[in-house]
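An overview of the molecular structure
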Amino acid sequence: MTDGPLLWFLNRGTGAAVLVLLTATVALGILTGRPIRSRWIPGFVTRQLHRNIAVIATVLVLLHALSAVVDTYVDIRWWQVISPVGATYRPFWLGLGSLALDIMLVVALSSALRARLTPRVWRAIHLSGYLTWPVALVHSYGTGTDSKDSWARWLALSCAAAIVLAATARLRSERRYDRELRSVGVLS
Amino acid sequence: MRPVVGPGPWLLRSPDPSLETHRSTYRPLTTTSAENLASSAEAAALRGRGGAAFPFATKLRAVAARRGRKHVVVNLSEGEPASAKDAALVLTAPHLVLDGAELVARALGVSEVHLAVPDEHRWISEHLERAIAERPRTGRRRFRWRFHEVAARFVSGEASAVTELVSGRANLPVTSWVPTAIEGVRGQPTLLSNAETFAQLAALVLDPGSARPTDDEPGTRLLSLNYASGPIRVVEVWHGTPWCAVLDAEQLSRPVLLGGYHGTWVAGGALRNRTVSAADLADLGSGLGAGVVIPLDEGECPVHRTNLILGYLAGQSARRCGPCLRGLPALAAAFDDLAHGGELDPVLELAGLVEGRGACAHPDGTVRLVRSALKTFGTEIEAHAHGTCTGRALITAAVTA
Amino acid sequence: MTAATNGRRSRIRVDWPSCQARGLCHELLPELIDLDPWGYPLVLGEVPPELTAAARAAAANCPKRALRLESR
């Protein structure tokens, strides 16, 4: 049972799911910014969603990595899951995946232990989470066996579009907020 | 401008600031226990001279009771532009301040004293360094004096801002969840007091015979007298001295701002038959604060003077706490409007919104000034509403920063 | 600091330098936290025992950890 298409499907399925969930996490993280005030969605909803989806993504990415290790069709050792270097199977692209997983674990840990960290340190670690998204995307392109398929392309494009939309909304809000502060005479 | 320092009956009685003269007036420094110091301070009802008037004995006992590494900080930053008493002490009696700090440090088993000096007035640290160089470097324990430059901002001299600076962080106020005596510099017990408080303690311990212990409020106060022009005059008076010995008849007939920019106004003539004492001033709804006295200039309008001060205070926010950053400029603008004949309600509303909401006392002190101006100058404000001003001429007094 | 759950009242305290006017506390505890014209919290009173859980949620959900619950 360590061979055959089941693990391969599991791996690809979880991979695609993680990509979608990471996109949602990052987009929601962008939208929890200060100046964004939605009339329909309260701030705590956005924040809780961001957190919960991030947790699910972290669990899924471990499953994704596990299915790759257990599958004997490709030679991926368990330590290569965490180490970005030293893999034998598509080392560069796999290494990127390991990097993204590492960052996800560190961010999750830092948030769990938030009370013990200074705000600045926590924030620095948390913002490094931004990296997981592009790294995961490139990893999926390089290691993914479906990269050439149209559904994979559409998936990647949609994820990118979601991020761009969220970022645009945030930047607009920030500019509006800065303008408001400046007009009141309080330069931000 | 350096202050002009009048001779005083107790702290300021040394003719020159040298160590030799100091030692001829006062007993030599010894090591005494924290409880002895606290008892002396308690017997003399010594309260902090930095504005909060906290009983020194309580503070000392609180720090002494804790375990572990402790810190002693002398606050010489004097962020209030109208105050110059700490500078005056450095000029005329630096060894009193240093002795007081050293007494406390030895009692607490601390071998290093932090001196928070104003960055703006380099001469203060120079004078202190000279005085320190005069002091003997004997004893098994090497005693260290560490200087910390406090920014020229009004809020930078606040206790938590100084503690932050000494801890190696930004020189701005933070929320004080626990008193500094329990958790101060780097989270360790810290005795932080104003320079004059340390000087008072030293004079108490090293020359007890000269104090006047029989009054309800024993001891002296250093007052910073601000006149229309010229340097600040620092004088020392016993508690209970009548105000007519401090200010002339003309000044007493006009309103006086007591306690500095975070203080309270007293109406013209109110001080004529009163004395320099907390009890007397409490009757008037006022207090000495850090001993700043600002009599109104001749022909000046108190509402406009308050307006100028508020404009200054609004600009001195550390820009960290929302209600201060957003609320103080709004309050200053509303008061400005009122001073030009506008509405009273916005001022009251903003005062209520800003009060008690901030990490330090800056918003509270500003509101105190506003409320006292509203209470004391009802007639003047009324006149302004009708387009007239009771001041004969509008003197735009420079609010020095 | 956490509030006692044995029916005692607790107090909400704001860490002003950390507060960035995100307003989540007001969303989760509108009975006790109002917002001033600039979006910063106005604490309306002490926390009665029945609102302790909601107050804890408000403190836990502050993105800047600027809200604390102190037992009296």
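The notes below deal with the structure included here.

Procedures and definitions
- Throughout this document, residue positions are counted from 1 along each chain, in the order its sequence is written.
- All chains are assigned letters beginning with A, and all ligands numbers beginning with 1, in the order in which they are written.
- Side-chain atom pairs in this predicted model are given and counted only at pLDDT of 80 or more, local residue features only at pLDDT of at least 70, and totals for whole chains, interfaces and linings cover all residues.
- Note that the side-chain values use all heavy atoms of the structure and ignore hydrogens as well as water.
- Labels follow the DSSP assignment, with helices taken as runs of H or I lasting at least four residues and strands as runs of E lasting at least two, numbered in each case from the N terminus.
- Using C-alpha atoms as the atom set, the radius of gyration is obtained and then compared with a globule rule of 2.2 Å times the number of residues to the power 0.38.
- Only protein chains enter the area calculation, which uses a 1.4 Å probe; residues under 20% of their type maximum are buried, those over 50% are exposed, and those in between are partly exposed.
- Here, two residues are considered to be in contact whenever any of their heavy atoms come within 4.5 Å of each other.
- For accessible areas, the Shrake-Rupley method is used with a probe of radius 1.4 Å. Any residue's cover is judged against the shown protein chains and nothing else.
- Under this rule, positive means Lys or Arg and negative means Asp or Glu; His and the chain ends count for nothing.
- For the purpose of locating charges, the reference atoms are NZ of Lys, CZ of Arg, CG of Asp and CD of Glu.
- Only Phe, Tyr and Trp rings take part, Trp by its six-membered ring, and two of them pair if their centres are within 6.5 Å. Stacked means planes under 30 degrees apart, edge-to-face means over 60, and tilted covers everything else.
- We define buried area as the total accessible area lost by two parts upon association, computed with a 1.4 Å probe and summed across both.
- In what follows, salt bridge is the name for a side-chain nitrogen of Lys or Arg lying within 4 Å of a carboxyl oxygen of Asp or Glu.
- The axes used here are C-alpha line fits, helices contributing only the stretch in contact, and every angle between their N-to-C directions lies in the interval 0 to 180 degrees.
- Angles below 35 degrees are treated as roughly parallel, those above 145 as roughly antiparallel, those between 65 and 115 as roughly perpendicular, and all remaining angles as oblique.
- Note on patches: the residues involved have over 30% relative accessible area and no salt bridge, like charges join within 9 Å, and the nonpolar side chains Val, Leu, Ile, Met, Phe, Trp and Tyr join within 5 Å.
- In this analysis the probe radius is 1.4 Å and the grid spacing 1 Å, with only protein atoms considered; a cavity is a set of points the probe fits into but cannot get out of, a pocket is an open set with protein on both sides within 12 Å along at least five of seven lines, and lining residues have an atom within 4 Å of a point.
- Grid points are joined across faces, edges and corners, and a volume is the space filled by probe spheres set on the points.
- In this classification, the charged set is Asp, Glu, Lys and Arg, the nonpolar set is Ala, Val, Leu, Ile, Met, Phe, Trp, Tyr, Cys and Pro, and all remaining amino acids, among them Gly, are polar.
- Only strands joined by at least two bridges in the DSSP assignment are considered to pair.

**Structural notes on the overall build of chain B**
Helix and strand content of chain B: 15 helices and 10 strands. Over its C-alpha atoms chain B spans a radius of gyration of 21 Å, differing by no more than 12% from the 21 Å that the globule rule assigns to 401 residues. Dimensions of chain B, computed from the C-alpha atoms along their principal axes, are close to 70 × 45 × 35 Å. With 401 residues in all, chain B has 57% of them scored as buried. For chain B, restricting intrachain contacts to residue pairs at least 6 apart in sequence, the fraction spanning at least 24 positions comes to 72%. Looking at chain B as shown, the accessible area adds up to about 16,300 Å², and 51% of this sits on carbon and sulfur atoms. Considering chain B, the positive charge centre built from 41 side chains and the negative charge centre built from 41 side chains are found 9 Å apart.

**Notes on the environment of L115 of chain B**
Residue and element names in this part refer to chain B. Note on placement: L115 falls in strand β3 (residues 112-118). Each C-alpha atom of the pair L115 and S39 lies 25 Å from the other, and the pair is 76 residues apart in sequence. Setting aside chain neighbours within four positions, we find L115 in contact with V74, L76, I132, W145, R146, F147 and H148.

**Regarding the packing of aromatic side chains**
Residues and elements named next belong to chain B. Scanning all chains against the criterion turns up eight aromatic pairs over all chains. Aromatic pair F154 and Y312: ring centres 6.1 Å apart, planes at 90 degrees, arrangement edge-to-face. A residue pair is termed long-range when its members are at least 10 positions apart, and F154 in the loop between β4 (144-150) and α7 (159-166) and Y312 in helix α11 (residues 302-315) qualify at 158 residues. For the pair F154 and Y312, a shared accessibility class is recorded, and that class is buried. Both rings, one in W265 and one in F377, keep their centres 5.2 Å apart while their planes meet at 75 degrees; by these two values the pair is edge-to-face.

**Side note on the interface of chain C and chain B**
Counting from both sides, the interface comprises 13 residues of chain C and, opposite them, 18 residues of chain B. For the pair chain C and chain B, the summed buried area comes to about 1,400 Å², and 66% of that belongs to carbon and sulfur atoms. The largest per-residue losses of area from chain C upon contact with chain B belong to W16, P17 and W38 of chain C, which jointly make up 51% of the total buried on that side. Across the contact surface, chain C and chain B share one salt bridge. Going through the elements one at a time, β1 (10-14), β3 (41-43) and β4 (67-71) of chain C are the ones with two or more residues in the side of chain C that touches chain B.

**A closer look at the packing of helix α2 (residues 34-43) of chain B against helix α8 (residues 195-206) of chain B**
All names here are of chain B. With their axes 10 Å apart at the nearest point, α2 and α8 run at an angle of 100 degrees to one another. By the angle between their axes, α2 is roughly perpendicular relative to α8. Residue-level inspection shows L37, S40 and A41 of α2 in contact with α8, the latter providing L201, L204 and V205.

**Some details on a positive patch on the surface**
Residues R172, R175, R176 and R179 of chain A make up a contiguous surface patch of positive charge. Relative to the assigned elements, R175 of chain A resides in helix α6 (residues 150-184).

**Structural notes on empty space enclosed by the protein**
Once rolled over the atoms, a probe with the size of a water molecule shows which space is left empty. Using the criterion set out here, one finds three cavities of 30 Å³ or more in the structure. Here the largest cavity defines a volume of roughly 110 Å³. Lining the largest cavity are 15 residues, with C19, R22, G23, C25 and C62 of chain C positioned closest to its centre. Classifying every residue of the lining of the largest cavity by side-chain character gives 10 nonpolar, three polar and two charged. Around the second largest cavity, the lining comprises 13 residues; the ones closest to its centre are P173, A318, C321, C324 and C360 of chain B. Of the residues in the lining of the second largest cavity, the class split is eight nonpolar, three polar and two charged.

**Observations concerning the pairing of strand β10 (residues 292-295) of chain B**
All names here are of chain B. Of the two faces of β10, the one lined by V292 and I294 and the one lined by V293 and P295 are each fully buried. Here two bridges tie strand β6 (residues 220-225) to β10, and the two strands are oriented parallel to one another. Its bridge partner being in β10, S224 is matched across the sheet by V292. Across three bridges, the pairing between strand β8 (residues 256-258) and β10 is antiparallel. What sits directly across from L257, in β10, is I294.

**Examining the environment of L69 of chain C**
Mapped onto the elements, L69 of chain C comes out in strand β4. A residue is classified by how much of its surface remains accessible, and L69 of chain C, at 5% relative accessible area, is buried.

**As for the sheet that holds strand β5 (residues 190-194) of chain B**
All names here are of chain B. Strand order across the open sheet formed by four strands is β4-β3-β2-β5, with parallel pairing between neighbours. The open sheet is flanked by β4 and β5, the only strands paired with a single partner. Going across the sheet, the axis of each strand differs from the next one's by a mean of 20 degrees, ignoring polarity. Taken together, the five bridges between strand β2 (residues 71-75) and β5 define a ladder with parallel strand orientation. Pairing of V74 across the sheet is with S193, part of β5.

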